[in-house]
Each structure stands twice: as C-alpha cells, then as structure tokens.
Amino acid sequence: QSTWGALLHCRYGYSQTVISQLLIFKMNVETFPESQTLTFLDADEGDLLGADTQGTDYDFTDFTIPSQTQSQLGNFSQSLTQDVVVGKGTSPAPRSESGNAVSGVEGQLAELNFEEDEDEGYYYTKDLPAHACRYCGIHDPASIIHCNSCKKWFCNSRGNTSGSHIVNHIVRAKHKELTLHKDGPLGETVLECYNCGCKNVFVLGFIPAKADSVVVLLCRIPCAAQASTKDHTWDQTKWKPLIDDRCLLNWLVKIPSDQDQMRARQISADKINKLEELWKDNPDALLEDLEKPGVDVDIQPVLLRYEDAYQYQNTFGPLVKLEADYDKKLKESQTQDKISVRWDVGLNKKRIAYFALPQTDEGMKLMPGDELRLQYCGELHKAWKGVGHITKVPNNFGDEFGLELRSNVGTPPDTVTGNYQVEFVWKSTSFDRMQSAMKTFAVDETAVSNYIYHKMLGHEIEEQTIKTSLPKRFSAPGLPELNHSQVYAVKSVLTRPLSLIQGPPGTGKTVT
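### With respect to the overall build of the chain
Along its length, the chain carries 11 helices and 15 strands. The buried share of the chain, reckoned over its 512 residues, is 29%. For the chain, long-range pairs separated by at least 24 residues make up 55% of all intrachain contacts whose partners lie at least 6 apart in sequence. When the accessible area of the chain is evaluated, it comes to approximately 35700 Å², of which 53% is carbon and sulfur surface.

See the structure below:
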C-alpha cells in the first residue's frame with residue numbers, strides 16, 4: 001500500500017485523502033469473490049433481455065454538440081476534479097482553491113461587455129470650432145485665414161497636396177479676398193492694397209518699410225510699379241508677392257508644424273476637388289457628405305490605348321455627360337437682373353433688343369447664335385418673357401448685345417426700357433452629337449476607315465500618306481494670305497487621313 005500511495009502521489013500529485021480512498025477501492029476489488037464472474041450474451045440471445053436496445057424506439061435525437069469553448073471549460077473542470085473520488089457512504093470533498101478561482105474568473109468574464117467602436121480613428125468635426133479649416137480641421141488662429149467670398153476658414157498647411165489648403169481653395173473656387181483671424185498675431189486684418197484698396201490676393205505683395213517691423217501691402221500693378229507713392233520710404237524694387245510656392249507667406253499666416261499636420265484630418269487632392277464641386281450645389285456640405293450614395297461617382301481614367309470602341313465609349317461617355325452637366329449649371333446660373341433694353345426692328349420685321357451686360361469675372365460668354373430668354377419684371381407693363389438668339393456681340397463699335405426675338409407677340413413697347421432680366425437658354429446639341437458619334441463609332445464598323453479606327457484607339461498602325469496634287473498658292477477670296485505655319489498645316493491636312501490643328505489664340509486657326 002505504501003508503494004501504491006507513493007506512486008499515486010509522485011506521478012499524479014494526489015493528496016493523502018484521495019490516495020486513501022483509492023486504496024480502499026483497490027482492496028474491495030481484490031477481495032471480491034472470484035465465483036461471481038461476468039457473463040456476456042451473444043447477439044442472437046438478445047431476446048432474453050426482453051427489449052431491443054438497438055431498435056428505433058431507443059434513438060435519441062435531442063442533443064447538441066458542445067461548442068469549443070464549452071468543451072474546453074468541461075475538460076478544464078474535469079481536470080480540476082480528478083483528485084476528488086466519492087466513495088460509497090462518503091460526502092463530496094470541498095472545492096479546491098483552484099476551483100474557486102476558476103469560478104471567480106468565469107464570473108468576471110461574464111460581466112465584461114465588449115463594445116466595438118464603430119467610429120474608431122474617425123475625425124470628429126462636431127468638436128471643432130467654427131473657424132477650423134474646412135479641409136483638415138486645423139484651428140490655430142495664427143494658421144488659418146477667412147475667405148470673404150464663401151465665409152469659410154482654411155489653413156496654410158499643405159497636408160497631402162502640392163499647395164496650401166487656402167491656396168487650393170481660392171484657385172479652385174476663383175475667390176480672391178481674404179481676412180486674418182482676430183486672435184492671430186496680426187489681428188483681424190483684411191488683405192488689401194494700402195494705396196488703391198485692391199483686395200485681389202493674387203496681385204498683392206509687400207514692401208518692407210524703412211521703419212522696423214513694418215511692411216506695406218501693395219498690388220503689383222499699378223501701385224508697386226508707380227514711381228510716386230504716398231510714402232517715399234518704400235523701395236519698390238523689394239516688392240514680393242504674398243503667395244510663394246503655393247502658400248501664403250509664413251509671417252502672414254503661420255504654417256502648422258509637422259506634428260499638427262499629422263494630427264489633423266488627412267485629405268487628398270482628389271477629395272478636395274470633389275468637395276469643391278459639392279460646395280457649388282451645397283455650400284454647407286461637409287467632407288462626410290462625399291460618402292453618401294450617388295455623390296462620389298468614380299470615373300474611369302483616360303487611357304492611351306483601348307481594346308475596342310466599346311471601351312472607348314464607356315470611358316469618354318461619362319466624361320461628356322459630366323461636362324454637359326457642368327456647362328448647363330454654369331450657363332443657367334448666369335442670370336443678369338436690372339438690365340436696360342433699347343428696342344429696334346430688323347429688316348425681317350422682328351423685334352431686336354439691344355442691351356449691355358455688366359463686366360464681371362463670371363459673366364456670360366455669349367456668341368452669335370446663342371439663345372437667351374428676356375423677361376420683363378417691372379410694373380409698367382404686364383409680365384412678359386420671350387426667347388431669341390444673339391445676332392450681335394460687343395465689338396470696337398459698341399458694347400451692346402443684339403437679341404432677335406422669335407415672336408413679336410406681347411412684346412413691351414419701345415418706351416419700356418428698364419427692369420429686364422436676361423438668362424441663358426442651355427442647349428445640349430453639341431453634347432448630344434458627341435454621344436451619338438461615340439455610339440456610332442462603337443456599333444458601326446463602317447463608320448470610319450480602318451486607319452482612323454485603330455488610330456483613335458491608340459493601336460500601332462503604319463502611317464498612311466494620301467497622294468494628291470497640291471496647289472502652288474494657298475489662298476481664298478476674302479481671306480488674308482496664309483503665313484508659313486498656316487501653309488504647312490494645310491499641306492499636312494491634305495496629305496494625311498487624320499490631322500489635328502491646334503495653337504493658342506490669335507495664331508490663325510480659324511482662317512486655316
């Protein structure tokens with residue numbers, strides 16, 4: 001017995017109580033009468049049992065497979081209770097300290113509630129002040145500046161872009177007037193020319209005065225170039241622009257540190273472009289609005305080579321639609337109010353309205369043939385509107401536009417000349433032709449020649465030359481003589497199946 005006890009204690013680590021119980025069990029087995037042997041029945045003698053334990057009546061289907069966690073907990077609990085043996089006439093042993101510890105741990109785990117933070121790493125804009133940069137959220141008064149046109153704040157940091165956020169904004173939005181923050185080092189200051197009051201930041205610069213710590217803001221032309229100014233202590237040769245390397249000067253608007261820029265919201269140039277476009281329709285839109293369905297539409301990039309005409313159409317079709325939508329929005333927004341009209345009658349007996357439009361940076365760009373809608377908004381005549389097309393544009397003889405009306409019905413008399421409204425009538429004709437041409441190019445193999453087809457798709461193809469007799473002199477009645485570059489362009493067009501004539505304004509493309 002001592003040998004069995006030592007073996008159980010050394011190998012299994014059983015306690016003395018458990019060893020005593022095991023030894024008593026072993027002695028009872030050894031003293032069991034040998035005459036009482038076990039009897040095994042063969043399978044064909046199963047009827048002696050009085051029941052078929054393999055029958056369907058004994059099928060047990062109401063069971064579940066324990067999960068992996070339950071299995072591990074069961075095995076762990078079983079390993080903890082292996083040293084407790086309950087004999088006949090004995091009571092269960094008390095739980096060990098390990099069992100109590102396990103119960104405590106299980107209880108604590110059950111009380112734990114794990115919640116996933118859905119907004120982990122998200123930049124909370126609701127906690128930012130009103131003067132925070134609308135791009136990245138930086139709100140240091142020394143590093144931000146106010147756009148007077150859209151009433152938004154922007155910082156002077158580059159972030160992930162090539163220029164500072166304020167320069168990115170004023171370039172894309174075509175805004176020009178800025179104001180410093182009241183809590184900044186220079187106080188609430190409107191950036192304007194000291195001499196003429198010009199507020200266009202793109203032409204503003206500074207000249208250090210001879211007095212210490214004093215600078216003078218002057219516009220490039222004409223104030224900085226004038227020989228005589230209000231103060232002769234300025235040296236015009238030291239004039240420098242306020243924008244340098246696509247950023248405002250650091251002494252004017254502080255450039256945030258690298259650490260501040262890393263903590264700020266990261267925004268790419270692509271998102272800046274999309275946000276600026278969104279602001280045209282919704283000035284109060286946030287960066288989070290770009291994530292809404294239908295706002296951010298991915299456009300396929302333009303390639304140098306296309307597999308077929310269908311890929312070509314699928315790439316350029318959405319681009320043409322975007323351009324059409326932008327052109328429509330731009331034209332329809334160019335409405336001019338309080339226009340004075342001078343009435344006349346043309347040779348075809350149709351009424352012609354002559355009017356001048358105010359000179360603005362975003363004014364109407366009208367050409368002969370464009371349609372306009374003229375509407376009377378005064379009280380001297382009943383409400384009226386009419387549609388016509390432009391027959392005259394401003395030239396050296398006058399600044400008036402001429403609008404020939406389609407119908408003379410209900411037009412105000414010649415004495416009613418004020419309180420008119422002019423708005424653009426947008427037409428999709430040119431864009432519809434582009435879409436139709438690309439569709440024909442994709443579905444009709446005979447729409448273009450084989451050479452033009454592969455050339456447009458960017459495929460490698462042997463150059464072709466058209467044999468034709470060229471005239472000795474290139475001229476046309478009523479047109480000026482062509483120069484050397486124009487003559488070369490005409491010769492190239494006549495001898496090649498596909499040509500492109502391009503050049504800056506005033507180089508003679510129209511005459512060519």
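### Focus: the sheet that holds strand 5 (residues 215–219)
Strand order in the open sheet made by the 3 strands is 5-4-6, with antiparallel pairing throughout. One side of each edge strand has no neighbouring strand; the edge strands of this open sheet are strand 5 and strand 6 (240–241).

### Looking at the pairing of strand 10 (residues 341–345)
By the bridge criterion, 5 bridges tie strand 10 to strand 11 (residues 351–355) in an arrangement that is antiparallel. Residue pairing across strands places D344 opposite I352, the latter belonging to strand 11. Between strand 10 and the antiparallel strand that follows it, strand 11, lie 5 residues; K349 among them carries a positive phi value of about 70°.

### Quick notes on empty space enclosed by the protein
Counting across every chain of the model gives 1 cavity of 30 Å³ or more. Lining the largest cavity, in full, are P141, A142, I144, L180, H181, G184, P185, L186, G187, L252 and V253. Here the lining of the largest cavity is composed, by residue class, of 8 nonpolar, 3 polar and no charged.

### Focus: the confidence of the model for the chain
Interpretation of the predicted coordinates at a detailed level should be avoided for regions scoring low in pLDDT. Scored by pLDDT, the chain comes out at a mean of 78, with 71% of its residues at no less than 70. Long-range and interchain partners of residues 58–73, a stretch whose pLDDT sits below 50, account for 5 contacts in this model, where long-range means more than four residues apart.

### Focus: helix 5 (residues 165–173)
Of all 9 residues making up helix 5, 7 are buried, and the element is well covered by its neighbours. Considered for burial, the residues of helix 5 that qualify are H165, I166, V167, N168, H169, I170 and A173. As for helix 5, its buried residues are in contact with strand 1 (144–147), strand 2 (152–155), strand 3 (178–180), strand 7 (243–244), strand 8 (247–248) and helix 7 (269–281). Positioned one or two residues after helix 5, K174 has a phi angle of 60°, which is positive.

### Here we look at the packing of helix 5 against helix 7
For any two helices packed against each other, one specifies the crossing angle of their axes together with the interaxial distance. At a minimum axis distance of 11 Å, the contact between helix 5 and helix 7 shows a crossing angle of 50°. Between helix 5 and helix 7, the angle falls in the class oblique. Seen along the crossing, helix 5 lies across helix 7 with a hand that is right-handed. On the side of helix 5, the interface is formed by H165, H169, R172 and A173, while helix 7 contributes I272, N273, E276 and W279. When the residues that make up the contact of helix 5 with helix 7 are grouped by side-chain class, the tally is 3 nonpolar, 3 polar and 2 charged.

### With respect to the sheet that holds strand 14 (residues 401–405)
Judged by pairing direction, the sheet is antiparallel, and its 7 strands sit side by side in the order 9-15-12-13-14-11-10 without closing on themselves. Since the sheet does not close on itself, it has two edges, and those belong to strand 9 (336–339) and strand 10, each with one partner. Pairwise comparison of adjacent strand axes, ignoring direction, gives a mean angle of 35° for this sheet. For strand 12 (residues 371–376) and strand 15 (residues 420–424), the ladder comprises 5 bridges, and the chain directions are antiparallel. Bridged to L372 within strand 15 is F424.

### So, the pairing of strand 4 (residues 204–208)
In terms of residue burial, strand 4 counts as a mostly covered element, since 4 of its 5 residues are buried. Bridging between strand 4 and strand 5 involves 5 bridges; their strand directions are antiparallel. By the bridge assignment, F206 is partnered in strand 5 with L217. By the bridge criterion, 2 bridges tie strand 4 to strand 6 in an arrangement that is antiparallel. Along strand 6, the bridge assignment pairs F206 with K240.

How each quantity is defined
Residues numbered from 1 in each chain as written. Predicted model: local features only at pLDDT ≥ 70, side-chain atom pairs only at ≥ 80, totals over all residues. Heavy atoms only, no water. Helix = DSSP H or I, 4+ residues; strand = E, 2+ residues; numbered from the N terminus. Buried < 20%, exposed > 50% of the residue type's maximum accessible area, 1.4 Å probe, protein only. Contact = heavy atoms within 4.5 Å. Areas by Shrake-Rupley, 256 points an atom, 1.4 Å probe, with all protein chains shown as cover. Pairing = 2+ DSSP bridges. 1 Å grid on protein atoms, 1.4 Å probe; cavity = no way out; pocket = protein on both sides within 12 Å on 5 of 7 lines; lining within 4 Å. Points joined across faces, edges and corners; volume = space filled by probe spheres on them. Nonpolar A, V, L, I, M, F, W, Y, C, P; charged D, E, K, R; others polar. pLDDT = per-residue confidence, 0-100. Axes fitted to C-alpha atoms, helices over the stretch in contact; angles between N-to-C directions. Parallel < 35°, antiparallel > 145°, perpendicular 65-115°, else oblique. Left-handed = near helix turned anticlockwise from the far one by under 90°.

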